[in-house]
Amino acid sequence: MTTDVQSLDRAFQILASIGRAGTCSLSELAAARAMPFSTVHRIVGSLIDNGYVIRHGRGNYALGPAFLDFAGRVSLADLLARIGRPIL
């Protein structure tokens, strides 16, 4: 069963776009995700407040320390081992 939480989905989409691009502007994010600029601005503001996104230069945004710390705790090899162990 899947529950759709639109704001959370949009935040993950924005994080994915920033991760792929390295840095990008709010306008680029809005265009890439077909979201209103105001929505992107509000979500990115929340992500900044929580450390998942940082301002990088003038008008550009990058993944922040909280995101990198969070992502660094997950090893793909460990994840695959946990998933595969019960099957094997």
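Scroll up a little and you will see the structure.
Let me begin by describing the structure that accompanies this report. Just so you know, these numbers come straight off a predicted model, no measurement behind them.

About the criteria used
- Residues numbered from 1 in each chain as written.
- Predicted model: local features only at pLDDT ≥ 70, side-chain atom pairs only at ≥ 80, totals over all residues.
- Heavy atoms only, no water.
- Core = buried A, V, L, I, M, F, W, Y, C linked by side-chain atoms within 4.5 Å.
- Buried < 20%, exposed > 50% of the residue type's maximum accessible area, 1.4 Å probe, protein only.
- Helix = DSSP H or I, 4+ residues; strand = E, 2+ residues; numbered from the N terminus.
- Contact = heavy atoms within 4.5 Å.
- Expected span 1.5 Å × (residues − 1).
- Arc of directions from axis to C-beta.
- Axes fitted to C-alpha atoms, helices over the stretch in contact; angles between N-to-C directions.
- Parallel < 35°, antiparallel > 145°, perpendicular 65-115°, else oblique.
- Left-handed = near helix turned anticlockwise from the far one by under 90°.
- Nonpolar A, V, L, I, M, F, W, Y, C, P; charged D, E, K, R; others polar.

A word on the nonpolar core
No. 1: With 16 residues, the main nonpolar core has Ile-14, Ile-18, Leu-29, Val-40, Val-44 and Val-53 as its most contacted residues.
No. 2: Residue assignment for this core shows that the elements contributing at least two residues are α1 (6–21), α2 (26–33), α3 (37–49) and β2 (61–63).
No. 3: Apart from the residues within four sequence positions on either side, Ile-14 is in contact with Leu-29, Met-35, Val-40, Ile-43, Val-44 and Leu-47.

Side note on α3
Quick reminder: α-helices carry 3.6 residues per turn. Residues three or four places apart thus point the same way.
No. 1: The terminal C-alpha atoms of α3, which comprises 13 residues, lie 18 Å apart, in line with the 18 Å expected from a rise of 1.5 Å per residue.
No. 2: Residues of α3 that are buried: Thr-39, Val-40, Ile-43, Val-44 and Leu-47. Buried residues along α3 cover an arc of 120° about the axis, so they all sit on one side. Along α3, the residues that are exposed and aim more than 90 degrees away from the buried face are Arg-42 and Asp-49.
No. 3: Summarising the contacts, the buried residues of α3 are in contact with α1, α2, β1 (53–55) and β2.
No. 4: Gly-51 sits one or two residues past α3 and shows a positive phi near 85°.

Points about the environment of Ala-62
No. 1: Within the secondary structure, Ala-62 is located in strand β2.
No. 2: When residues no more than four places from it in sequence are discounted, the contact partners of Ala-62 are Ile-18, Gly-22, Thr-23, Tyr-52, Val-53, Ile-54 and His-56.

Structural notes on the packing of α1 against α2
Each pair of packed helices can be described by the angle between their axes along with the distance between the axes.
No. 1: Orientation of α1 relative to α2, taken along the N-to-C sense of each, is 115°, at an axis distance of 10 Å. Taken together, the axes of α1 and α2 lie roughly perpendicular to each other. Considering the relative orientation of α1 and α2, their crossing is right-handed. Residues Gln-13, Ile-14, Ala-16, Ser-17, Ile-18 and Arg-20 of α1 touch α2, and the partners they reach there are Leu-29, Ala-32 and Arg-33.

Looking at the packing of α1 against α3
No. 1: Running from amino to carboxyl end, α1 crosses α3 at an angle of 80°, the nearest separation of the two axes being 10 Å. In this view, α1 runs roughly perpendicular relative to α3, as classed from their interaxial angle. Counting all contacts with α1, which are made through Ser-7, Arg-10, Ala-11, Ile-14 and Leu-15, the residues of α3 involved are Thr-39, Val-40, Ile-43, Val-44 and Leu-47.
No. 2: Split into classes, the residues belonging to the contact of α1 with α3 amount to 7 nonpolar, 2 polar and 1 charged.

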